[in-house]
Amino acid sequence: MQTLIKCKSDLGAIILCLLTLALVASATSQYNRLLKMQTQCASNLSGMGKAMLIYANDYEDEFPKGGGRVNNWAYELPDWQADSRREAFNIQNLKGEVTVSSNLYLLVKYAEVTPEEFICPGDRIAEEFTLVEFADQLELGVQLIDLWDFGTWLDLEHNPSTHCSYAYHWPFDAYALTSSSDHSMVIAADRNPWMDPNRTNDPYLGWDRFDPDSNDPDAVKLGNSENHLWAGQNVLFVDSHVNFETTPHCGLENDNIYSIQDPAFNPLGKGLKPQVYSGELETREDSMLVQGHGNTLPASGSSGRGGGR
């Protein structure tokens with residue numbers, strides 16, 4: 001009888017041990033998969049940063065910026081396969097119409113960056129831009145370098161924002177960054193988490209629950225990009241180095257890179273809902289990153305504006 005009890009006890013211990021090993025193996029596999037995606041994402045941004053510096057060297061220190069000196073923020077370009085820059089962005093009196101992604105597409109057009117490098121493996125929204133997807137809209141013989149953006153608006157699954165995983169520093173006005181800007185400024189990073197209307201209207205995932213000083217890990221993580229399961233975001237700085245930051249307060253003087261500063265109210269942007277579809281920057285030191293309007297259908301071709309000074 002004692003032998004039988006001992007055997008059952010040993011069997012239970014073996015089963016428990018096997019289950020523990022299985023759970024550890026599963027967790028290790030998941031961790032390695034996430035780490036691999038995070039590393040590939042960082043490599044993408046690093047390559048992008050180097051290409052930006054090469055681009056800036058050819059364009060009087062300016063990082064990629066479409067349109068004119070100041071620009072309207074558009075859902076899609078006036079003509080994404082135009083023969084000239086003026087036609088593509090409808091530039092009139094030094095003012096044009098740009099999408100956020102069209103600024104980054106200049107690296108495809110002029111710096112030999114491939115569309116694949118704009119896709120974070122952890123991004124559930126984006127997929128690599130190909131000409132095949134937009135074949136019906138393209139003129140015969142058009143190549144990637146002939147275009148001015150990652151596609152045009154077909155529907156929610158096929159538009160410029162669905163082909164670029166990364167948010168870019170506010171490119172609409174005189175506060176666009178250059179290679180001479182403070183090296184602590186952030187030029188690009190994983191997607192801005194607050195630019196999904198479905199999320200900001202969700203009481204559990206909304207802005208009001210974000211608190212970087214909270215003892216609740218979930219409240220802290222809400223400020224991070226979703227690309228890496230809210231653990232943090234890969235961040236590209238002006239000098240082209242990339243860090244994985246576990247908080248969005250990583251810009252110059254711990255600026256929140258995903259919200260607009262309001263110096264009169266809160267210099268760090270904590271708790272301040274980002275004005276992602278309208279407004280303008282108030283200071284040159286604001287690291288405000290935005291991406292395309294990929295979560296809502298276009299109303300009339302443009303929405304919001306980047307005000308100039």
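Residues numbered from 1 in each chain as written. Predicted model: local features only at pLDDT ≥ 70, side-chain atom pairs only at ≥ 80, totals over all residues. Heavy atoms only, no water.

**A few points about empty space enclosed by the protein**
Here the structure, examined in full by the defined rule, presents 4 cavities of 30 Å³ or more. Considered as a void within the structure, the second largest cavity measures approximately 50 Å³ in volume. Residue lining of the second largest cavity: Phe63, Pro64, Lys65, Tyr168, His169, Trp170, Pro171, Ala176, Leu177 and Ile187, and that is the complete set. Its residues assigned to classes, the lining of the second largest cavity shows 8 nonpolar, 1 polar and 1 charged. (1 Å grid on protein atoms, 1.4 Å probe; cavity = no way out; pocket = protein on both sides within 12 Å on 5 of 7 lines; lining within 4 Å. Points joined across faces, edges and corners; volume = space filled by probe spheres on them. Nonpolar A, V, L, I, M, F, W, Y, C, P; charged D, E, K, R; others polar.)

**Examining the pairing of strand β3 (residues 166-169)**
Here 3 bridges tie β3 to strand β4 (residues 186-190), and the two strands are oriented antiparallel to one another. Looking at the pairing, tyrosine 166 lines up with aspartate 190 of β4. Where β3 meets strand β7 (residues 289-290), 2 bridges bridge the pair, whose relative direction is antiparallel. Across the sheet, residue histidine 169 finds its bridge partner in β7, namely leucine 289. (Pairing = 2+ DSSP bridges. Helix = DSSP H or I, 4+ residues; strand = E, 2+ residues; numbered from the N terminus.)

**Observations concerning the sheet that holds strand β5 (residues 233-237)**
Ordered by their spatial adjacency, 5 strands build an open sheet running β6-β5-β4-β3-β7, and the pairing between neighbours is antiparallel. Since the sheet does not close on itself, it has two edges, and those belong to β6 (242-245) and β7, each with one partner.

**Overview of the pattern of salt bridges**
Scanning all chains against the criterion turns up 3 salt bridges. The shortest N-O distance in the salt bridge between arginine 69 and glutamate 62 comes to 2.8 Å. For arginine 69, a relative accessible area of 48% puts it in the partly exposed group. Residue classification places glutamate 62 among the partly exposed positions, given a relative accessible area of 26%. Its salt-bridge partner being aspartate 123, residue arginine 191 comes within 2.8 Å of it at the nearest N-O pair. Taken together, the positions of arginine 191 in the loop between β4 and α4 (197-200) and aspartate 123 in the loop between α3 (100-110) and β3 put the pair 68 residues apart, joining distant regions of the chain. With a relative accessible area of 8%, aspartate 123 lands in the buried category. (Salt bridge = Lys/Arg side-chain N within 4 Å of Asp/Glu carboxyl O. Buried < 20%, exposed > 50% of the residue type's maximum accessible area, 1.4 Å probe, protein only.)

**Comments concerning the side chain of threonine 283**
Position of threonine 283 among the secondary structure elements: in the loop between β6 and β7. Looking at threonine 283, its side chain comes within polar contact range of the side chain of glutamate 285, at 2.7 Å. Not counting residues within four places of it along the chain, the set of residues in contact with threonine 283 comprises Tyr175 and Gln261. (Polar contact = N/O pair within 3.5 Å; in protein donor to acceptor, adjacent residues only side chain to side chain. Contact = heavy atoms within 4.5 Å.)

**Re the side chain of threonine 99**
Residue placement: threonine 99 occurs in the loop between β2 (95-98) and α3. Judged by its relative accessible area of 3%, threonine 99 is buried. Discounting chain neighbours no more than four positions away, the residues touching threonine 99 are Ala74, Tyr75, Glu76, Leu77 and Asp149.

Function cannot be inferred from these measures alone, as they are strictly geometric.
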